[in-house]
Amino acid sequence: MLHADSRAGSFSTLRSVARAIFTLASASLALGAQAATLQVGNGAEPSTLDPQKVNGNWESRITRELFDRLINYGPDGSLEPGLAESWTLSEDGLVYTFTLRQAHWSDGEPITADDAVFALQRLVTPATANHNANLYYPIVNARAINTGKAEPESLGVSALDTHTLEIRLSEPTAYFLQAMAMTEAAPLPRHLLTSGVEDWTRPGTLVASGPFVLVDWKPQDKVEVSRNPHYYAADEVALDGVDFHAIEDTSALMNRFRSGELDIAYGAVPSARFEWAQENLSESLRVGPLIGSYFYMLNLRDGTPLSDKRVREALNLALDREVITERLLGIGQTPSYWFVPRTIASPTSARLDFHDQDMDSRRARARMLLEQAGYGPDRPLELELSYNTLEDHKKIAVAIAAMWRPLGVEIELVNREAAVHFAGLRQGDFEIARYGFVATVNDPYDFLNAYAAGGSAAASTGYADPEYDALVEASTHELDVDRRAALMTEAEKRLLDADVMLPIYDYVVVNLVSPDVEGWQPTALDVHPLRYVSVDEAAAK
Amino acid sequence: MTTDTLAPSAPAGDSLGRDAWRRLTQNRAAMVSLWLLGAMTLACFIGPWLTPWGLADVDWNAFDVGPTLEGGHWLGTDANGRDLLTRTLYGGQVSLSVALVATFVSLIIGVLYGAISGYVGGRLDNLMMRFVDIMYSLPFMFLVILLMVVFGRNIFLIYAAIGAVEWLDMARIVRGQTLALKQREFVEAAHALGVKDGKIVTRHLIPNAIGPVIVYVTLTVPKVILLESFLSFLGLGVQEPLTSWGVLISEGADMMQTSPWMLLVPSVFLALTLFCLNFLGDGLRDALDPKTR
Amino acid sequence: MLSYTLKRLAQAIPTMLIVITIAFFLMRIAPGGPFDGERALPPEIEANLMAAYHLDEPLWQQYFRYLGNLAQGDFGPSFKYKDFTVTELILQGFPVSLQIGGLAMLLALAIGLPLGIIAALKRNTAVDYAVMGTALAGIAVPNFVVAPVLALVFGVMLGWLPAGGWNDGALPNLILPVIALSIQQIAYIARMMRASMIEVMGSHYIRTARAKGLTEAEVVWRHALRPALLPVTSYLGPAIAGIITGSVVIEQIFGIPGIGRYFVQGALNRDYTLVMGTVVFYGALIVLMNLIVDLIYSALDPQIRYDD
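Everything numeric in this text was worked out from a predicted model, so none of it was measured.

Peer 1: Would you explain the overall build of chain C in this entry?
Peer 2: Within chain C, the regular secondary structure consists of 12 helices and zero strands. By its C-alpha atoms, chain C is 85 × 60 × 30 Å across when sized along the principal axes. Evaluated residue by residue, chain C yields a buried proportion of 58% over its 308 residues. Per element, the accessible surface of chain C, about 11800 Å² overall, is 68% carbon and sulfur. Averaging the coordinates of the 19 positive side-chain charges in chain C and doing the same for the 20 negative ones gives two points 13 Å apart.

Structure (structure tokens):
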């Protein structure tokens, strides 16, 4: 068996050799691309173009251009009608009715409510293994289907006619429309996916509903898309096409942006080069808040020093956030005394109690607390701080360890490679761990739910507080904006009062965008719909 | 080219060592390298006592500052406000010792394995060499990354493990030498006198194969230092606050435009060390190989 | 020759089987799995993922499933790059890596061999030190420093060449990565050539040739070069395999869609199928390269014959 295999291997090797030589011989001198094709430095290679299997910002950035949702993001990141012209919510907050516009797939087939039903059923089917399926659990039967206890057809979603979609929820859910704007909720071409075609996401096969269609995909190189002539607003799309280049290395991104090979470079500026970019690329540097919280998770389980609230509070007090955001990083992150980022839609307002005290009195109190907890010169507090591999995580950890050292806290820094770090978190194998929580939906629920029973942070840290769970649950079903904000703030305050985490800062996102690019805005979810973007060809060289 | 002609292959023993040493001292590049290496090692292990800063001391008033005399940061500070000279010297301790640990482990395993395989011969030799083939067919990076991940916390354990992967070439070289030496009179004589196999291997075969081995060692040390720097580039380097030249260089490479000293300082130390090791290696090869004149 | 080749290939099969087995189980010892990412998954969803990839089965069952699929030439889909099979990824990346690696190796030979010969002939003179010193600079600076400097200087500051990108292998895009990749090899080859040339020049055989009254140039070209090339030839097999698969730094910095990154990223992402694919591919490449080298070796050195 292996014999045949190894022969096949060497044969195809030969063929590849021949192909390589051929490519070499026919190497052209072509450089760059046509003017109205936007060149985007997109970060990592997309792992898939199936909108229900994507998992990272760099992937959904592409799938959002290929697949419109019922509700889209506008140029400023707010929600706007997409494939749905309008929608209504019933009095009891349980039934959404969407009216779809007249629109077509890129192969000319009409986009119908059945396509939306098909997509949502597929989304919660266990075999799809969607990462965010839990956000759709409010739909009737969604959780049962996703855990294999019910058939996908039983999902509370139905097509009332070709252009009317009804979604039934089991509880009122405040963030639901946000979830409907995510790429996983996009209607899918049912006629294609049920036709038995394999690899439907390939160029030539994939059928799109968004402003762009897939032209080519060279792994580890680029994904090319061009304007979709069947798009319902095709006239308004200014760009002829977009090349999404897979470039992960930040210095490579910056080099290629500076040499004019890229019009937009996402995430090209680590803190180490920010100051330089401010001086030299100021007209291209776009800094904006990102709904994300950078914090240290604390393992609260019995048996570690961190199960003592005094210890946690002392560490929290002695952490000088302003030194980190202003002196060490200097990108303009907001030092945070809270968990839920302040730039989120419908924000909370809880804060750590000491937020307005000066560092000296905070340090004094920290020292006192540690003494009370039994730590001192003879018995130093020894803790392990782990972080996943990244230059900025290292810088922050080193600085924080140095802030705590004068209190007699001895920190062992443990840099773990990402897979190990996050597996360690999942298994509760850590004492203090760096964590970054970036919103997938623009709603505090996304954050607060992490510490509620069954949430990922609760599972990692061992945090359990029934009253907290009840507050989060109540806030989810509360549709009145003010009352909901009050409930969420109360929940957040419980977390902060118990010092279950060490908040450090609210994220910002730094991108490079050529001044010739028009219609691109920084947004809180870092979404930038390209149908509103154009390139000033006269200005571009 | 020097003149001593028609020397028959030199006999084993002290005269070879003394001869080789004489030839080595005549090689100017090798001698300069030897002195420089000595000075560098001394600086790395004693120097940190003399600088005003400690390995993990943060100067809260001097983040990312270029070389100055006033602030006491003679070669500048890193992004965390730590003294770069101090860290480079400490980094040298790690890089040099890590390289020695890995090389030493590969030396022990490789020499024993190769000598046994070559001396016993026959089916065992076949089996042992087949195992070497298997190890060669595994992508080196794959093994190293897995070792790093599994032993993630202890740098010396990791490099012992890397040494345990690096021994393959050594084993091949020693086996080749052993096969050749086995046929020679003095081994056969020892056999005839009833000397035990183990003793023949350790007393006669290994000492006589030592020349190529020493040369290979001087090649392995730079290889490991570079490997360490590559792993640091991937983010798999030593744990903070410890550092190494590889870690410092990969940190510096990120900042080469804004803070060039962060790249230049450790790079100069690393490059100098590698240069010296290479010239020393060439010198040793020339000195120890009786065939070259 | 043919029967020798077939025999060598047949011998490789058990070796490969052991290699596959070792790699399979080693990979699973490593902590963390393919789905451990920044955002922790709810248990229900993780269970769905594990089931979709058969990771919920006992390990031995997964092992035999893998071997069974492999026997049918199926390396499975990549965990990370879900839309492609491992075979597709490797076959798409390999020509790129071969092109970059092959050109880099040719460049390294074209520069490294003459340098090594010159240094050997002018041994221990200023010329020797200068040549070897320059060559060594290539080893002494890690390529993750050299590559960004090249991109910065020639791509950004001077603007002579693209700072990166593959562009279907267009010539301007090839130049910088090929140079960056060859620099270390130049140094290695020059060193090796110098050493082996010195050894050959000192042999009785060359002395005889000199005694016959041949000029120094004739001695070098006619008699010394061929035997001196032997060690370099045997170095080339593993070196080519290494340069094709080990160019991750160059690929990252210049954005080259080759296979080098899969060797590193596959292991870091715990992309089990991709890792296994690279292991099998590398093993096959090594077998093939060693075979080719041995055949070239026998052509260069008439004393060696492979008849049995």
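On we go from here.
Peer 1: I keep staring at a nonpolar patch on the surface and nothing clicks. Help me out?
Peer 2: Residue and element names in this part refer to chain B. Together, F104, I108, I109, L112, I116, V120 and L124 give the surface a local cluster of nonpolar side chains, amounting to about 580 Å² of exposed area. Looking at the nonpolar patch, the element that brings in the most residues is helix α3 (residues 84-120), giving six residues. In this structure, I116 sits in helix α3. By relative accessible area, which is 36% here, I116 ends up partly exposed.

Peer 1: Can you walk me through the interface of chain C and chain A in this structure?
Peer 2: How large an interface is tends to be reported as the accessible area lost when its parts come together. In this assembly, 62 residues from chain C lie in contact with 65 residues from chain A. When chain C packs against chain A, close to 5600 Å² is buried across both sides, 57% of that on carbon and sulfur atoms. Taking the shortest distance from any N to any O, the salt bridge between D168 of chain C and K218 of chain A comes out at 3.6 Å. Run the count over chain C and chain A and you get 12 residue pairs in polar contact (both at pLDDT 80 or more). No other element matches the nine residues that helix α4 (residues 86-121) of chain C contributes to the side of chain C that touches chain A. In terms of residue class, the side of chain C that touches chain A is built from 36 nonpolar, 14 polar and 12 charged.

Peer 1: Any chance you could explain the nonpolar core here in plain terms?
Peer 2: Note on soluble globular proteins: their nonpolar side chains tend to be buried together. Residues F98, I167, W404 and Y451 of chain A are the most contacted members of the largest nonpolar core, which totals 315 residues. At 15 residues, helix α11 (residues 261-288) of chain B tops the list of elements feeding residues into this core. When neighbours within four sequence positions are excluded, W404 of chain A is seen to be in contact with L315, A318, L319, L385, V409, I411, I432 and L502 of chain A.

Peer 1: Would you explain the pairing of strand β15 (residues 409-416) of chain A in this entry?
Peer 2: Within a regular strand, the side chains alternate between the two sheet faces. Residues and elements named next belong to chain A. Along β15, six of the eight residues are buried, which leaves the element largely enclosed by surrounding structure. Both strand β14 (residues 381-388) and β15 contribute to a ladder of eight bridges, which runs parallel. Across the sheet, E382 pairs through a bridge with E410, a residue of β15. Since β14 and β15 lie parallel, the crossover through helix α12 (residues 391-404) that links them has a hand, and here it is right-handed.

Peer 1: Please clarify how the interface of chain A and chain B should be interpreted in this entry.
Peer 2: Taken together, the contacts link 24 residues of chain A with 23 residues of chain B. Around 2100 Å² of area is buried between chain A and chain B when both sides are counted, 52% of it from carbon and sulfur atoms. When the buried area of chain A at its contact with chain B is split by residue, A272, R327 and V398 of chain A rank highest and sum to 20% of it. Run the count over chain A and chain B and you get two salt bridges. A salt bridge links K394 of chain A to E240 of chain B; the nearest nitrogen and oxygen atoms lie 3.8 Å apart. Between the two partners, chain A and chain B, sit six residue pairs in polar contact (both at pLDDT 80 or more). Secondary-structure elements contributing two or more residues to the side of chain A that touches chain B are α8 (271-280), α10 (321-329), β14, α12 and β15 of chain A. Residue composition of the side of chain A that touches chain B, grouped by class: 12 nonpolar, two polar and 10 charged.

Peer 1: Even after reading the chapter, I still don't get the pattern of salt bridges, so can you show me in this structure?
Peer 2: Where side chains of opposite charge bring their charged atoms close, a pairing between them can arise. Under the definition given, this model contains 44 salt bridges over all chains. With a closest N to O distance of 3.9 Å, D114 of chain A and R190 of chain A form a salt bridge. Here D114 of chain A is found in helix α3 (residues 113-124), whereas its partner R190 of chain A is found in helix α6 (residues 190-193), with 76 residues between them in sequence. The exposure class assigned to D114 of chain A is partly exposed, which follows from its relative accessible area of 35%. For R190 of chain A, a relative accessible area of 37% puts it in the partly exposed group. Three or more residues joined by partner-sharing salt bridges are found here, namely E391 and K394 of chain A together with D78, R82, R87, E240 and E251 of chain B.

Peer 1: Help me understand unusual backbone geometry, please; the structure alone is not making it clear to me.
Peer 2: Excluding glycine, residues mostly have negative phi values, and the peptide bonds linking residues are mostly trans. In this structure, P241 of chain B follows E240 of chain B across a cis peptide bond, with omega equal to 0°. Looking at the element boundaries, P241 of chain B is found in the loop between α9 (210-233) and α10 (245-254). Positive phi outside glycine occurs at D64 of chain B, with the angle close to 55°. Here D64 of chain B shows up in the loop between α2 (28-50) and α3. Even without being a glycine, H54 of chain C presents a positive backbone phi close to 60°. Within the element layout of this structure, H54 of chain C appears in the loop between α2 (43-52) and α3 (59-71).

Peer 1: In this structure, what is going on with the confidence of the model for chain A? I would like to understand it.
Peer 2: Low-confidence regions, as indicated by low pLDDT, have predicted coordinates that should not be scrutinised in detail. Confidence in the prediction of chain A, expressed as mean pLDDT, is 88, and 93% of residues score 70 or more. In this model, residues 1-35 of chain A is a region of pLDDT below 50 whose contacts with residues beyond four sequence positions or in other chains number 38 contacts.

Peer 1: Can you walk me through the sheet that holds strand β4 (residues 84-89) of chain A in this structure?
Peer 2: Pairing between the strands of a sheet is mediated by backbone hydrogen bonds and can be parallel or antiparallel. All names here are of chain A. The strand order across the open sheet formed by four strands is β4-β5-β7-β6, and the pairing between neighbours is antiparallel. Both edges of this open sheet fall to β4 and β6 (157-161), since each of them pairs with a single strand only. Strand-to-strand, the axes of this sheet are offset by a mean angle of 20°, without reference to chain direction. Across five bridges, strand β5 (residues 95-100) lies against strand β7 (residues 164-168) in antiparallel orientation. Each bridged residue has a counterpart across the sheet, and for F98 the counterpart in β7 is L165.

Peer 1: I tried to follow the packing of helix α9 (residues 309-317) of chain A against helix α11 (residues 359-372) of chain A on my own but got confused; where do I start?
Peer 2: How two helices sit against one another is set out by the angle between their axes and by the gap between those axes. Residue and element names in this part refer to chain A. Orientation of α9 relative to α11, taken along the N-to-C sense of each, is 160°, at an axis distance of 8 Å. Comparing the axis directions of α9 and α11 gives the class roughly antiparallel. For the element pair α9 and α11, the recorded crossing hand is left-handed. For the pair α9 and α11, the contacting residues are R310, V311, E313, A314, N316 and L317 in the first and M359, R362, R365, A366, L369, L370 and Q372 in the second. Split by residue class, the contact of α9 with α11 holds seven nonpolar, two polar and four charged.

Peer 1: Explanation requested: α10 of chain A in the structure shown.
Peer 2: What sets the pattern is the α-helix's 3.6 residues per turn: residues three or four places apart point alike. Residue and element names in this part refer to chain A. If you check which residues of α10 are buried, you get R321, V323, I324, T325, L328 and L329. The secondary structure elements touched by the buried residues of α10 are α8, α9, β13 (334-335), α11, α12 and β17 (501-513). G330 lies just past α10 and shows a positive phi near 65°.

Peer 1: Which parts of the structure should I look at to understand the packing of helix α4 (residues 122-137) of chain B against helix α1 (residues 2-29) of chain C?
Peer 2: One way to put it is that α4 of chain B packs onto α1 of chain C with a least axis distance of 9 Å and a crossing angle of 60°. The orientation of α4 of chain B with respect to α1 of chain C, classified from their angle, is oblique. Crossing of α4 of chain B over α1 of chain C shows right-handed handedness. Touching R130, I134 and S137 of chain B of α4 of chain B are Q11, T15, I18, V19 and I22 of chain C, all from α1 of chain C. For the contact of α4 of chain B with α1 of chain C, the residue count by class is four nonpolar, three polar and one charged.

Peer 1: Would you take a moment to explain the packing of aromatic side chains for this structure?
Peer 2: A ring pair, where both rings are aromatic, is described by two values, the distance of the centres and the angle of the planes. Under the counting rule described, the total for this entry stands at 41 aromatic pairs over all chains. Residues F35 of chain C and Y53 of chain C carry aromatic rings whose centres are separated by 5.7 Å and whose planes lie at 45° to one another, so their mutual orientation is tilted. Of this pair, F35 of chain C sits in the loop between α1 and α2 while Y53 of chain C sits in the loop between α2 and α3, placing them 18 residues apart in sequence. On the basis of an interplanar angle of 55° and a centroid distance of 6.2 Å, the ring pair of F35 of chain C and F79 of chain C is categorised as tilted. Remark: F79 of chain C occurs in the loop between α3 and α4 and F35 of chain C occurs in the loop between α1 and α2; sequence separation between them is 44 residues. Of the two residues, F35 of chain C and F79 of chain C, neither departs from the other in class, the shared state being buried. The lysine or arginine in question, R61 of chain A, covers the ring of Y266 of chain A, its NZ or CZ lying 3.7 Å from the ring centre. Between the NZ or CZ atom of R28 of chain C and the centre of the ring of Y272 of chain C, over which it lies, the distance is 4.0 Å.

Calculation criteria
- Residues numbered from 1 in each chain as written.
- Chains lettered and ligands numbered in written order.
- Predicted model: local features only at pLDDT ≥ 70, side-chain atom pairs only at ≥ 80, totals over all residues.
- Heavy atoms only, no water.
- Helix = DSSP H or I, 4+ residues; strand = E, 2+ residues; numbered from the N terminus.
- Buried < 20%, exposed > 50% of the residue type's maximum accessible area, 1.4 Å probe, protein only.
- Areas by Shrake-Rupley, 256 points an atom, 1.4 Å probe, with all protein chains shown as cover.
- Lys, Arg positive; Asp, Glu negative; His and termini not counted.
- Charge placed at Lys NZ, Arg CZ, Asp CG, Glu CD.
- Patch = residues over 30% accessible without salt bridge, like charges linked within 9 Å, V, L, I, M, F, W, Y side chains within 5 Å.
- Salt bridge = Lys/Arg side-chain N within 4 Å of Asp/Glu carboxyl O.
- Contact = heavy atoms within 4.5 Å.
- Buried area = accessible area lost by both parts, 1.4 Å probe.
- Polar contact = N/O pair within 3.5 Å; in protein donor to acceptor, adjacent residues only side chain to side chain.
- Nonpolar A, V, L, I, M, F, W, Y, C, P; charged D, E, K, R; others polar.
- Core = buried A, V, L, I, M, F, W, Y, C linked by side-chain atoms within 4.5 Å.
- Pairing = 2+ DSSP bridges.
- Right-handed = clockwise from strand over helix to strand, strands pointing away.
- pLDDT = per-residue confidence, 0-100.
- Axes fitted to C-alpha atoms, helices over the stretch in contact; angles between N-to-C directions.
- Parallel < 35°, antiparallel > 145°, perpendicular 65-115°, else oblique.
- Left-handed = near helix turned anticlockwise from the far one by under 90°.
- Phe/Tyr/Trp six-rings, centres within 6.5 Å; stacked < 30°, edge-to-face > 60°.
- Lys NZ or Arg CZ within 6 Å of the ring centre and 35° of its normal.

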